[in-house]
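Chain residues, written in single-letter form:
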2 protein chains.
Amino acid sequence: MNRVKELFGIKYPIIQGGMLWCSGWRLASAVSNAGGLGLIGSASMYPDVLDEHITKCKKATDKPFGVNMALLYPKIEEHIDVIIKQEVKIVFTSAGNPAKYTSVLKEKGIKVVHVVPNLRFAEKAVNVGVDAIVVEGFEAGGHNGKDEITTICLIPLVKKEINIPIIAAGGIGSGEAILAAFALGAEGVQIGSRFAASKESSAHINFKKAIVNAVENDTILTLKELAPVRLLKNPFYTKIFDAYKKGATPEELKILLGRGRAKKGIFEGDLIEGELEIGQVSAQINEIKSVQEIMEELTEGFKRVKNNLNNFDF
Amino acid sequence: MNRVKELFGIKYPIIQGGMLWCSGWRLASAVSNAGGLGLIGSASMYPDVLDEHITKCKKATDKPFGVNMALLYPKIEEHIDVIIKQEVKIVFTSAGNPAKYTSVLKEKGIKVVHVVPNLRFAEKAVNVGVDAIVVEGFEAGGHNGKDEITTICLIPLVKKEINIPIIAAGGIGSGEAILAAFALGAEGVQIGSRFAASKESSAHINFKKAIVNAVENDTILTLKELAPVRLLKNPFYTKIFDAYKKGATPEELKILLGRGRAKKGIFEGDLIEGELEIGQVSAQINEIKSVQEIMEELTEGFKRVKNNLNNFDF
């Protein structure tokens, strides 16, 4: 029995992260068609755009899919209206407090999963009644917690205290890492970076190539005073670095960050001025592949390493 | 076949980290007697003290054990003389460049293992002929690299390029985490924090209790401008934090750090002024146990989770 597969009615307990500017209907439906759970990333969409993506996703797959909502999004209630109107069955919430909207969604029969970066927030999410949690380590791309707790440390800690299904995120881009996450106590995984660099991702080709070219120390978790974010070190990051060296205040950092940087980098492919949100696992990504190829690699890798481990005994 | 067991002639591929002020002959011999590989941590020992610990360790166990050497230690050549005179068979080197001493040790028939925090240093270590590498993630306690690469991201990256045995370190304190490390490509693990809090550790009881009391966000990797170190956040760390906020120079940080802080904290139990080096996994450590109990927990945990995983298939 695997509770993540049962909860969503999917073949593989592999969830594709709902990443802004990457996860449109094309990516989400491809992942769902390949047996995982695709998520539309609504944080980069106006309500009418989200509505359109959901409609297209329904046409592209008859499998379950969901929507990721960043709870700090200013038009969140309009997003919720779209989700309810469209009868979306699964919602992942992140970047905010799940207390307010979890019951609203659950009353409509929607499965709700919340993303947390530590045990304290995991316990809060359980208390407001979410169906599962995504537990995301320090190595994950994009917005993250301030505590810097890594996946290998965080999953067992949460597992010990929490009984609802745990979906591990952060540093997972291979079948080997999926098996590691399961060993630590997860029943599913959420994978971002690997799918951000897929053919079906709506990210700009420049961004996908930047992921492929990234090496081990090319990402950093920064801007902790605003909202911590892991990104590729590019000339825009150098400006952040220099600002920190000069003792910039949060207000100055906010001005430097400005608006629309993630769109500029991820969607428009501006590798100089854009904010290139991606995980540490990007160093392991060496090719832009289709979702189908990625899913096969993940499931085959899992089986292979599991068989290898069976030859080892303590 | 497990190359780590074969290399050292041990029953379990579990290495106890050679931690300063924790890893004397008592801890090292207990781990070796329990089937792992005990390491004497020489970084906190004068050459004559190291000599004495090796002599006592030989008396306490007839199993293989080793010595950890921090290559930046000022009297390193005297340590090497002691190790050669005592016919120690296994040396782990860390915190420095292995180019100079690896061949010296290997000519004496000593197995040499080097600790690295990234792929670049792993490749350098292989090039100078080490027998295995410890690959240590960001979550590890004590001195560490600047790149912040976590265990789950780092092990697969190194595994892909390196053919000698990989011993994973950082965030490993349970059988579950050992299995995760093996899934990622390791053939052995090095465990520090768990053994630092063991009955046989020579650390002060105050320090052991501080490990037991630590929660998820109680450690931090800091002092990156000097030598990055992961430690418990205590009043001494608050001073570091305040110094950073005021824009302290590396020279000012060095003065603040001063000398003998690790001894003060770990060995003398001064939780206010001491430097309390420990890993993020401390949040999972809830009891001071004997080495024998810890080893049983680790091996039983590994078997249990491996059996559980066998019930799951993709």
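> Quick question: what am I supposed to make of the overall build of chain A here?
A count of helical and extended segments in chain A gives 14 helices and 11 strands. The globule rule puts the C-alpha radius of gyration for 314 residues at 20 Å, and the 18 Å found for chain A is close to it. Once the C-alpha set of chain A is aligned to its principal axes, its extents read approximately 55 × 50 × 35 Å. In chain A, which comprises 314 residues, the share counted as buried stands at 57%. Taking the intrachain contacts of chain A between residues at least 6 apart in sequence as the baseline, contacts between residues at least 24 apart amount to 64%.

> Could you clarify how one ought to interpret the sheet that holds strand S10 (residues 219–222) of chain A in this entry?
Strand pairing in a sheet relies on backbone hydrogen bonds, with the paired strands running either antiparallel or parallel. Pairing in this open sheet of 3 strands is antiparallel, and the strands run S7-S11-S10 (chain A) from one edge to the other. Two strands in the sheet have a free side with no partner beyond their single neighbour: strand S7 (142–143) and S10 of chain A.

> Hey, could you run me through helix H4 (residues 76–85) of chain A in this one?
Residues lying three or four places apart along an α-helix face the same way, a consequence of the helix completing one turn every 3.6 residues. All names here are of chain A. Inspection of H4 places His 79, Ile 80, Val 82 and Ile 83 among the buried residues, and these make up the whole buried set. The buried residues of H4 occupy an angular sector of 160 degrees when projected down its axis, which confines them to one face. Residues of H4 that are buried sit in contact with helix H3 (47–60), strand S3 (65–70), strand S4 (90–94) and helix H5 (102–107).

> Would you explain the interface of chain B and chain A in this entry?
Quoted interface sizes are often the accessible area lost when the parts come together. The interface is formed by 40 residues belonging to chain B together with 40 residues belonging to chain A. For the side of chain B that touches chain A, the elements supplying multiple residues, two or more each, are helix H7 (151–161), helix H8 (175–184) and helix H14 (291–310) of chain B. If you tally residues by element for the side of chain B that touches chain A, the top one is H8 of chain B, at 7 residues. Here the side of chain B that touches chain A is composed, by residue class, of 21 nonpolar, 13 polar and 6 charged.

> Explanation requested: the domain arrangement of chain A in the structure shown.
All names here are of chain A. When its domains are assigned, chain A resolves into domain 1 (3–203 + 288–310) and domain 2 (205–281). Between domain 1 and domain 2, the C-alpha centre-to-centre distance is 23 Å. In this assembly, 24 residues from domain 1 lie in contact with 19 residues from domain 2. Those elements giving two or more residues to the side of domain 1 that touches domain 2 turn out to be S7 and helix H9 (193–196). Counted by class, the side of domain 1 that touches domain 2 contains 10 nonpolar, 12 polar and 2 charged residues.

> Before we go on, may I ask you to explain the environment of Ile 220 of chain B in this structure?
Residues and elements named next belong to chain B. Take Ile 220: it is sitting in strand S10 (residues 219–222). What makes Ile 220 partly exposed here is the crowd of 17 C-beta atoms within 10 Å. A sequence separation of 47 residues divides Ile 220 from Phe 267, and the C-alpha atoms of the two residues are 20 Å apart. Not counting residues within four places of it along the chain, the set of residues in contact with Ile 220 comprises Arg 230, Leu 231, Lys 233 and Tyr 237.

> Just checking my understanding: could you explain the pairing of strand S6 (residues 132–136) of chain B for this structure?
Consecutive residues of a regular strand have side chains that alternate between opposite faces of the sheet. Residues and elements named next belong to chain B. Burial runs high along S6: 5 of the 5 residues are buried. Judged by which residues are buried, S6 turns out to be covered on both faces: Ala 132, Val 134 and Glu 136 on one side and Ile 133 and Val 135 on the other are all buried. In terms of strand pairing, strand S5 (residues 111–116) meets S6 through 4 bridges, oriented parallel. From the neighbouring strand, His 114 faces S6, where its bridge partner is Ile 133. Handedness of the crossover joining S5 and S6 through helix H6 (residues 119–127) is recorded here as right-handed. For S6 and strand S8 (residues 166–169), the ladder comprises 4 bridges, and the chain directions are parallel. Across the sheet, residue Glu 136 finds its bridge partner in S8, namely Ala 169.

> Teacher, can you tell me more about the relation of the copies chain B and chain A here?
Here two copies of a chain appear, and what relates them is a rotation about an axis with a shift along it. Once chain B has been moved 0.0 Å along the axis and rotated by 180 degrees, it coincides with chain A to within an RMSD of 0.0 Å. Both copies are brought into coincidence by an operation consistent with a two-fold rotation axis. The C-alpha atom lying nearest the rotation axis in chain B is that of Ala 180 of chain B; the distance is 1.9 Å. Taken together, the interface assignments show that 100% of the residues at the interface of chain B recur at the interface of chain A, consistent with an identical surface on both copies.

> Explanation requested: the nonpolar core in the structure shown.
Across soluble globular proteins, nonpolar side chains show a tendency to be buried alongside one another. Formed by 206 residues in total, the largest nonpolar core has its most connected members in Val 135 and Ile 167 of chain A together with Ile 167 of chain B. The contacts of Ile 167 of chain A, once residues within four sequence positions are left out, are Val 4, Ile 15, Val 113, Ala 132, Ile 133, Val 134, Val 135, Ala 186, Gly 188, Val 189 and Gln 190 of chain A.

> Where do I start with the confidence of the model for chain A in this structure?
Where the model shows low pLDDT, its predicted coordinates should not be examined in detail. Summarising the model, chain A shows a mean pLDDT of 97, and 100% of its residues fall at 70 or more. Interface confidence for the predicted complex, expressed as ipTM, amounts to 0.97; the pTM equals 0.97.

> Would you mind showing me how to read the packing of helix H11 (residues 235–245) of chain A against helix H12 (residues 250–257) of chain A here?
Residue and element names in this part refer to chain A. At a closest axis distance of 11 Å, the pairing of H11 and H12 adopts a crossing angle of 165 degrees. When the axis of H11 is compared with that of H12, the two are roughly antiparallel. Like other packed secondary-structure pairs, H11 and H12 cross with a definite hand, here right-handed. On H12, the residues touching Lys 239, Ile 240 and Ala 243 of H11 are Glu 252, Leu 253 and Leu 256. Considering only residue class, the contact of H11 with H12 consists of 4 nonpolar, no polar and 2 charged.

Parameters at a glance
Residues numbered from 1 in each chain as written. Chains lettered and ligands numbered in written order. Predicted model: local features only at pLDDT ≥ 70, side-chain atom pairs only at ≥ 80, totals over all residues. Helix = DSSP H or I, 4+ residues; strand = E, 2+ residues; numbered from the N terminus. Rg over C-alpha atoms; globule rule 2.2 N^0.38 Å. Buried ≥ 20, exposed ≤ 12 C-beta atoms within 10 Å, placed from the backbone. Contact = placed C-beta atoms within 7 Å. Pairing = 2+ DSSP bridges. Arc of directions from axis to C-beta. Nonpolar A, V, L, I, M, F, W, Y, C, P; charged D, E, K, R; others polar. Domains from an automatic or database assignment. Right-handed = clockwise from strand over helix to strand, strands pointing away. Least-squares fit on C-alpha atoms with pLDDT ≥ 70 in both. Core = buried A, V, L, I, M, F, W, Y, C linked by C-beta atoms within 7 Å. pLDDT = per-residue confidence, 0-100. Axes fitted to C-alpha atoms, helices over the stretch in contact; angles between N-to-C directions. Parallel < 35°, antiparallel > 145°, perpendicular 65-115°, else oblique. Left-handed = near helix turned anticlockwise from the far one by under 90°.

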